[in-house]
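Coordinate inspection notes
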Amino acid sequence: MIEKPAKGVTRRQLLLSSATTVAMGAAATAKAATIAGTPQWVPFDHNGPLHYDTPGWQYFTDEQAREVEAIVEQLIPADELSVSGKDAGCAVFIDRQLAGEYGTFARLYQEGPFQPGTAMQGDQSPLNPRQRYTLGLAGLTKYCQANFKKPFSGLGAEQRDATLAGLEKGTIALDGIDSPLFFQQVLGNTMEGFFADPIYGGNRDMVSWKLIGFPGARYDYRDYIGLHNQKLDLVPLSIVGSSAWTQKG
Amino acid sequence: MKASLSMCAGVLGLAIGYAHAGTGADSYNLVEKGRYLATLGDCTACHTLPGKPLFSGGVVLDTPFGKLLGANITPDPVHGIGRWSFEDFQNVMSKGHSPGDKRLYGAMPFTAYTKVSREDNQALWAYLQTVDPSDNAVETNQLPFPFNVRASLIGWNLLNFTQGEYQPDPQKSAQWNRGAYLVQGLGHCGTCHTPKNLTGGDKNGQFLQGANLQGWVAPDLTANNHSGIGSWRPEDIVQYLKTGANRFDVASGPMAEEVEHSSQHWQDEDLMAVAVYLKDFANPAEVPKPLAANDPTMKAGQAIYADRCSACHISKGQGVEGLFPTLANAPLVNNADASSMIRVVLSGSRAGATDAAPTAPAMPSFGWNLSDDNVAAVVTYVRNSWGNAAAPVTSSEVKNLREQLQVK
């Protein structure tokens, strides 16, 4: 129904056509391509995220998952404000992201040359997120075993904090990966998991949205535009739904 | 130059004069008339597969009794109707008998086409002669036993068929009669919109009062104010049939196909005649009481509607003209049968694309992120809000339809 356009315009054609256009001046009418027909439509088609309802770890081994859960628990501890990063599902979120296209930076240019850039230039690492986790977790386990005879998950809160602080500052070196790079990777993904839509595995029960009063992924606030200085008390809404949808009684 | 042109015209005029005298008919006009009549009858719906030669048949009709296929009606002598005479064709249209006294199944809507005038059938026949022959072989009868025995149709015809051309009602205007002729005849609106009896025949006492087929609801077309088109002005009906959308609704499902293939090409005066006729179809409504707004299902449905539906259909069901159907005071929403509503929520839906309105807006599928309970609650809420009142929907209805649709 829709014909593929011919191969790109050559330089010669472009020069010729622009010359013609100039020659013809304002009287020239552009012939735009007309596309008729409608794109394919399939019943039940949807663009939902991968793995959102698949149980079990999709990328991590059980051992890796245990360590990541210990890290996210330390980064976001349970307190009077919220449950911990672990209980909010941040490790599940990270696992799902690594299993998907993000894990291999499928959408980023990842061919060399790789050179250490300036701070302004941001991340210049050749490693993709999967490699960062695999190398970082292995290095961390090796470091903890060497110094405490335990994996990171076996450490107490103070040792965990000290270790993470050492990674952040680069005072603890890891085999195979720059330790601040690994730390920033995990910290960033943990925050994403804590605040992202629950459909991606984290932010369980919209815990962070309730914490900050974010009403969720709503399309449209037209009905609320006129309501100034009023508490709306909107029940947060995820792509997977809302507690308000459950029939009460 | 001028002289030679006028001479040409003179010769041409002479030639036409001879043709007329020779065949007794202006064959060009007759064929063009037949082409338009074939559009009115939407013959392609059953007789042309997308991408295949015109009228070469093979479109599958899933009837409650089994499969029937649209025949090859090209002039091919072996696989088409090339050996038929006009009288053979007239018998098909008016009696449902094809040559060899073979009785046709009601899927070929001869119960409607019997109303078509002999004169119109002659034009149709003339047009069908001009179609390219196709040697596509089609086994039309794929019904299981005993329905595949065509003799069973003798009884069926006794029950369900009244033969005869449309007889104008002298009490009504010419426009009304044209509308009636089109709706009852070639338009064969009742084939989908009239409830069926157990044998699949029309319940003529309930003409155009709406029916369910292939998991869709063909809505009530009477002027019933609740679930019919009583609130539509004739102009609204014309716009709907011409463009696929009006200020209330958007054609979807089989109706979208009908609009795309057929009614968008109808002449405006024919569409207006149809509208005038349909609006004259008084049918008093029995309006049930809506569910109370504080009913727990309604509360849950309201929350789902606000979060999932209101972005397009607007918070009070207003919709957006030409794009998103109005759900407030909407006849289709008030239909006793909620199948179409459940279906479009589960699987999504695509509107028809017409020359006048080529956008073909689509509704996304919510089957993946609304549970059966959610769908039941939100459909129940819509059916009992903003002036609507209709029976609530249960989650088992949703479950059944979901299974039925996903098998296909």
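Residues numbered from 1 in each chain as written. Chains lettered and ligands numbered in written order. Predicted model: local features only at pLDDT ≥ 70, side-chain atom pairs only at ≥ 80, totals over all residues. Heavy atoms only, no water.

1. Focus on the sheet that holds strand S2 (residues 66-69) of chain B
Residue and element names in this part refer to chain B. Just so we agree on the cut-off: Any two strands with at least two DSSP-identified bridges between them are counted as paired. Segments assigned H or I by DSSP are reported as helices when at least four residues long, segments assigned E as strands when at least two residues long, and all are numbered from the N terminus.
If you walk across this open sheet you meet the three strands as S1-S2-S5, and the pairing is antiparallel. Strands at the two margins of the open sheet, each flanked by one partner only, are strand S1 (60-63) and strand S5 (141-142). Examined bridge by bridge, S1 and S2 share four bridges and lie antiparallel to one another. Its bridge partner being in S2, Asp62 is matched across the sheet by Lys67.

2. Quick word on the domain arrangement of chain B
Residues and elements named next belong to chain B. So the rule is basically this: Just so you know, the domain bounds were taken from an automatic or database domain assignment. Contact definition: two residues touch when any of their heavy atoms are within 4.5 Å. Once two parts are brought into contact, the accessible area they lose, counted with a 1.4 Å probe and summed over both, makes up the buried area. The term salt bridge refers to a side-chain nitrogen of Lys or Arg lying within 4 Å of a carboxyl oxygen of Asp or Glu. Under the rule applied, a polar contact is a pair of N or O atoms within 3.5 Å (in protein, one hydrogen donor and one hydrogen acceptor; residues adjacent in sequence only if both atoms are side-chain atoms).
Assigned domains of chain B: these are domain 1 (22-160) and domain 2 (169-408). The straight-line distance from the C-alpha centre of domain 1 to that of domain 2 is 29 Å. Listed per partner, the contact involves 21 residues of domain 1 and 22 residues of domain 2. Between domain 1 and domain 2 the total buried area reaches about 1,900 Å² when both faces are included, carbon and sulfur atoms providing 58% of it. The tally of links between domain 1 and domain 2 comes to zero salt bridges. Across the domain 1-domain 2 interface, the total number found is eight residue pairs in polar contact (both at pLDDT 80 or more). Sorting the residues of the side of domain 1 that touches domain 2 by element identifies helix H2 (27-40), helix H5 (110-113), helix H6 (118-129) and helix H7 (152-160) as the ones contributing at least two each.

3. With respect to the packing of aromatic side chains
Residue and element names in this part refer to chain A. Quick reminder of the rule: Pairing of aromatic side chains here covers Phe, Tyr and the six-membered ring of Trp, requires ring centres within 6.5 Å, and sorts the geometry by plane angle: under 30 degrees stacked, over 60 edge-to-face, intermediate tilted. Any residue under 20% of the maximum accessible area for its type is buried, any over 50% is exposed, and the rest in between are partly exposed; the area is computed with a 1.4 Å probe on protein chains only.
The full count for this structure, using the stated rule, is 22 aromatic pairs over all chains. Between Phe60 and Tyr133 the ring centres are 5.8 Å apart and the planes differ by 55°, which places this aromatic pair in the tilted class. Of the two residues, Phe60 is situated in the loop between helix H1 (11-24) and helix H2 (62-75) and Tyr133 in helix H4 (residues 129-148); the sequence distance between them amounts to 73 residues. Per residue, the accessibility class of Phe60 equals that of Tyr133, and both read buried.

4. Some thoughts on a nonpolar patch on the surface
How we decide: Patch membership is restricted to residues that have no salt bridge and whose relative accessible area is over 30%. Joining uses 9 Å for like charges and 5 Å for the nonpolar side chains Val, Leu, Ile, Met, Phe, Trp and Tyr. To measure how exposed things are, a 1.4 Å probe is used in the Shrake-Rupley method; for residues, cover is taken only from the protein chains shown.
A cluster of nonpolar side chains, namely Leu81(A), Met191(A), Phe195(A), Leu211(A), Ile212(A) and Phe214(A), defines an oily patch on the protein surface of about 570 Å² accessible area. Among the elements of the structure, helix H6 (179-195) and helix H7 (207-212) of chain A are those that each provide at least two residues to the nonpolar patch.

5. Considerations on helix H10 (residues 234-243) of chain B
All names here are of chain B. Within the sequence span of H10, burial applies to Asp236, Ile237, Val238, Tyr240, Leu241 and Thr243. Lining the buried residues of H10 we find helix H11 (254-261) and helix H12 (268-279). Of the residues one or two after H10, Gly244 is the one with positive phi, at around 90°.

6. A short note on helix H14 (residues 339-347) of chain B
Residue and element names in this part refer to chain B. Burial analysis of H14 places nine of its nine residues in the buried class, which makes it a mostly covered element. The inward-facing, buried residues of H14 abut strand S6 (211-213), strand S7 (216-218), strand S8 (349-350), strand S9 (362-363), helix H15 (372-383) and helix H16 (395-407). Just beyond H14, the residue with positive phi is Gly348, at close to 80°.

7. Some words on the nonpolar core
Where a protein is soluble and globular, its nonpolar side chains tend to be buried together. Residue and element names in this part refer to chain B. For the record, the criterion: To form a nonpolar core, buried Ala, Val, Leu, Ile, Met, Phe, Trp, Tyr and Cys residues must be joined to one another through side-chain atoms within 4.5 Å.
Counting 48 residues, the largest nonpolar core has Phe55, Val183, Leu186 and Leu278 as the members making the most contacts within it. The set of elements that each furnish at least two residues to this core consists of H2, helix H4 (86-95), H5, H6, helix H8 (174-184), H10 and H12. A domain-level breakdown of this core finds at least three residues from each of domain 1 (22-160) and domain 2 (169-408). Apart from the residues lying within four places of it in its own chain, the contact partners of Phe55 are Ala38, Cys43, Thr44, His47, Thr48, Ala71, Asn72, Ile73, Thr74, Tyr127, Leu128 and Val131.

8. Some thoughts on the pattern of salt bridges
Note that side chains of opposite charge can pair when their charged atoms are close. Under the definition given, this model contains 21 salt bridges over all chains. Notably, a salt bridge pairs Asp307(B) with Arg218(A), separated by 3.1 Å at the nearest N-O pair. You can see Asp307(B) sitting in helix H13 (residues 296-313) and its partner Arg218(A) sitting in the segment after H7, one on each of two chains. You can call Asp307(B) buried: its relative accessible area is 14%. Overlapping salt bridges, with partners in common, bring together Lys33(B), Glu119(B) and Asp120(B) in one network.

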